Every structure is written in structure tokens, then in C-alpha cells.
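Analysis of the macromolecular model
Chain residues, written in single-letter form:
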Amino acid sequence: MSSIKNPTFMNVNITSNFFGNINKENSFAKKNNEQKVKSELHQDLFWTFRILIMFFKLIGLATFTHRIVIYKKRMSYTFQYSKLGIVYNVVLSSLMIVSNYMSIPDVLNDDYYAKTKLTVSIELLQTVLGALVTCAIFISYCIDQKFLVRIANRLIIIEQEIDRLYYPLRRQHIFYITIIVCILKICLLILLLFTENLAFHTGPVSWLTDVLPTFYVGWLLIQYFLLVMVIQTDFADVNRAIQSLTKINAPDLRLQSLYQTRRIVVNNSTVHQLLQLRDVHCHLCEISEDVSSFYSLPVLFAIIFFFLMLVHNGYYLLSPLLMFEDLGYKILLILSSNTIIWIIFLIYPISLLTNRITRILIEIETTGNIVHDFLNCAIGKETKAELIGTVVTYLIILVQFQMASFSSDKQYCNSTGRDLK
């Protein structure tokens, strides 16, 4: 009988070892695939970020210099102060002022549909204000270059710290959103230039008055949007890292929400991770304040300029319908299409920025709610000791009451027995 059982147990062990090895190989392959996907995504983000930096350098919205460094076998950036970037922005500001001497006579002498003294005055104001706003943006980047360098370097450090504390980072949507936003911006610009030429037969000299300042201001808002998007994603990763402290060690490693975990025992390692996440969250709040301070004045100038442009294009959208009924359906359609594209071109970066700022405020409020729920569910060593002490105290009181009740009943029975006797 024992000789029959031993081979059976050996077969069971061999089978269990076989399936155990298969599970180990599957988990190892899964980890390799995750590392491969993460490496490919990091490369895509690295090259996208590099192209954006070069583009912003070209248009004067990145005066600093950058250097590629290797951090834990991964490429990253470090940013430094650059005098050459300041000189480049000063040259761009000078060219912007010189372009007014070419564009202002073109505004006065150009003949187009719906031209009135009011439209000429608005276009002159728009030309001068556009040049001043663009020069102010260039100068602000020169003056606050060290401030921007500090923001960029601190953001890189925070990214590395979050990458160390929490995995996986959800950076794939940043890559896709950046690509989509930039492609839409370029497509709108091409469509705008096409309709400008079709409606008013304008050329590059005329584009210096309105298209070029709008181009710079729009990319300023998009740069602000991209920074806010990265910071908002970091806040989201911090929130997920806090939630991951409540997860169950299941094979799928899926996070368990706080409302599903009624009580959490907090050990020393959890407290240490919470302190690290608290420091990261504080640094992100400080970076958010720095970014807001840096972009406050340029964005104020940008909003004033965009408001004037929207009023101007709103007038152009309504005036052909009210005062120029004899233009013809085809001309009216071309003018209306150009004006609508102008309005979309102006509202597009503003809507992106406001939407992302709303999201980052929601994410910061979510952090407070998550921490509050976590503290409500957490049980530390002191809390456990207090609970045990309270339970023991109530048990002693309960036993004492039971003993007192038993003794009183016994005395009552004895006295009743004596009376009966």
C-alpha cells in the first residue's frame, strides 16, 4: 500500500512543481514585457520632450540650455542658465519692433472687404499691442530665466522620485495628448493662413500684424498647459501611490479602494512611505506656485491681447451680415469661415489651459479626501493599544457587575430561606 502511495505523491509533487515553474516563467515574462513597454514609452517621451525643447528655443520661449544626463541607466535632462538665450530673445524683440515699420503701412494701405475707419483703428491697435505683448513675453523669459531653470530642474527631480516610489507611472497619455495638441495647433495655423489668403489676399508682411503675435501668445499658453499637465499627472500618481498602500497582495496587484478596506494596520514602512509621499506632494505644491508666479504676468498680457482679437473678429463675424448684404453668398461664406477659424484659433489654447487647471485643482482636493479616508481607516500601534485597553476595561467592569449581581441574588435567596423557616 505504501509503495502505491509514494509514486502517487511523487506524481502530485512533480505536477505541482511543473505548474509552479510555469507560473514563475509567466510572471518573469510579464515583468520583462512591462519593463520593455516602460523603456519604449520612456524613449518616446524623451524624444518628444527634446523636440519640444528645441521648438520652444527656436521661437524664444526657452532661453535656458539643457544637457542630457544618465540616471539609473535612463536618459534625463538638466537645465542651466544661458546668456546666449538672452541675446537670442533680445534679437527677436528687436526684429518684432522692426516688423511694425513694415506692417503698419500695409495696414493703412491695404484694401479689403468691410474696411472702415473703425476696423483700421482696431487693426493698428492690434498691431502695436501684439508687438508689445510679444516683446514683453521675450523680456520676461530673459529676466526670469533662473526661475524657470529652477522649476524645470525641480520637476525633473520630482519625476525621478515618483518613479522610485510608485510603479507603474501613467505617462503614456502625456505622450498622446502632447502629440494631438501640437498637431491640432499646426493644422489650425495652416488653415488660418489659407483662409486669410483666400479672403483678403494677404501675404507674409500682413501676417506680421496679427498672425505672428497670436502664434507666439498661443504657444505660450500651450507651454503653460503642458507644464500644468505634467504636474497634474504627478499629483495623480501621488494619489495612486497613497491608495496603493491599501492594496491586497493579490497576483493581479490591482489596487483596492479605501472604502473596500474597512481597517488598515499601519506599520513603520507604511509610515515611512507616507512621509516620502507627503514630501513629494509638498514639493509639487511649491512647484505649482512657482509655475503660477512665472506665467502670471505673460498670461495677463496674453489674455488682454486675445480679448482684443476676439472683439475684432466678433465684429468681422457680424458686420458682413448687417452692413454688407451686397457682397454675395460666396464672399460672405469665405469671410465668415475665416472669422470662425480665427475665433477657434484664439479660444483653443485658452480652453486647453483652463480645463487642465481645473483638473489639477480637482486632483489636489482628491489628495485631501484620500488622506482623510486613509486616516479614518488606519490603525496604528497606539490605536491598537488604546482599543485593547478599552476592551479590557469594559470586560473588567462587565465581570464586576456580573459578580455583584450574582452575590446580591445569593444574599436574597438566603434571606428568603431564613424568613420561611
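Per an unreviewed UniProt entry, the protein is named Gustatory receptor, and its organism is Acromyrmex echinatior. A UniProt comment under Function (unreviewed entry) is attached to the protein, and it reads "Gustatory receptor which mediates acceptance or avoidance behavior, depending on its substrates." The annotation that UniProt attaches to the protein under Sequence similarities (unreviewed entry) is "Belongs to the insect chemoreceptor superfamily. Gustatory receptor (GR) family."

Quick look at helix H2 (residues 83-109)
For H2, spanning 27 residues, the distance from its first C-alpha to its last is 40 Å, which sits close to the expected 39 Å at 1.5 Å a residue. Of all bends in H2, the biggest is about 30°, found at tyrosine 101, and the proline proline 105 comes one to four residues later. By the burial criterion, the buried members of H2 are Gly85, Ile86, Asn89, Leu92, Ser93, Met96, Ser99, Asn100, Ser103 and Val107. By the N-cap criterion, in which a side-chain oxygen at the helix start approaches the backbone nitrogen of a residue two or three places on, H2 is capped by serine 82, the distance to leucine 84 being 3.4 Å.

Here's the deal with the side chain of glutamine 223
Mapped onto the elements, glutamine 223 comes out in helix H6 (residues 204-244). Residue glutamine 223 is classed as buried on the basis of its relative accessible area, which comes to 8%. Beyond its immediate chain neighbours, meaning those up to four positions away, glutamine 223 contacts Phe56, Leu61, Tyr141 and Tyr295.

A few points about the nonpolar core
Core analysis: the biggest nonpolar cluster contains 70 residues, and Phe56, Leu61, Phe79, Tyr141, Trp219 and Tyr295 have the highest contact counts within it. Contributions of two or more residues to this core are made by helix H1 (2-58), strand E2 (74-80), helix H3 (117-143), helix H4 (145-165), helix H5 (172-200), H6, helix H7 (268-323) and helix H8 (329-377). The element contributing the most residues to this core is H6, with 19 residues. Once you skip the residues sitting within four places of it in the chain, leucine 61 turns out to touch Phe56, Ile137, Tyr141, Tyr216, Trp219, Leu220 and Gln223.

Things to note about the side chain of glutamate 196
Tracing the chain through its elements places glutamate 196 in helix H5. Taking relative accessible area as the criterion, glutamate 196 reaches 4% and is therefore assigned buried. The residues touching glutamate 196, leaving out its near neighbours within four places in the chain, are His201, Thr202, Trp207, Asp210, Asn338 and Trp342.

Each value, and the rule that gives it
Residues numbered from 1 in each chain as written. Predicted model: local features only at pLDDT ≥ 70, side-chain atom pairs only at ≥ 80, totals over all residues. Heavy atoms only, no water. UniProt positions renumbered as here; feature names shortened; annotations may be inferred. Helix = DSSP H or I, 4+ residues; strand = E, 2+ residues; numbered from the N terminus. Expected span 1.5 Å × (residues − 1). Bend = angle between axes of the 7 residues up to and from the residue. Buried < 20%, exposed > 50% of the residue type's maximum accessible area, 1.4 Å probe, protein only. Polar contact = N/O pair within 3.5 Å; in protein donor to acceptor, adjacent residues only side chain to side chain. Contact = heavy atoms within 4.5 Å. Core = buried A, V, L, I, M, F, W, Y, C linked by side-chain atoms within 4.5 Å.

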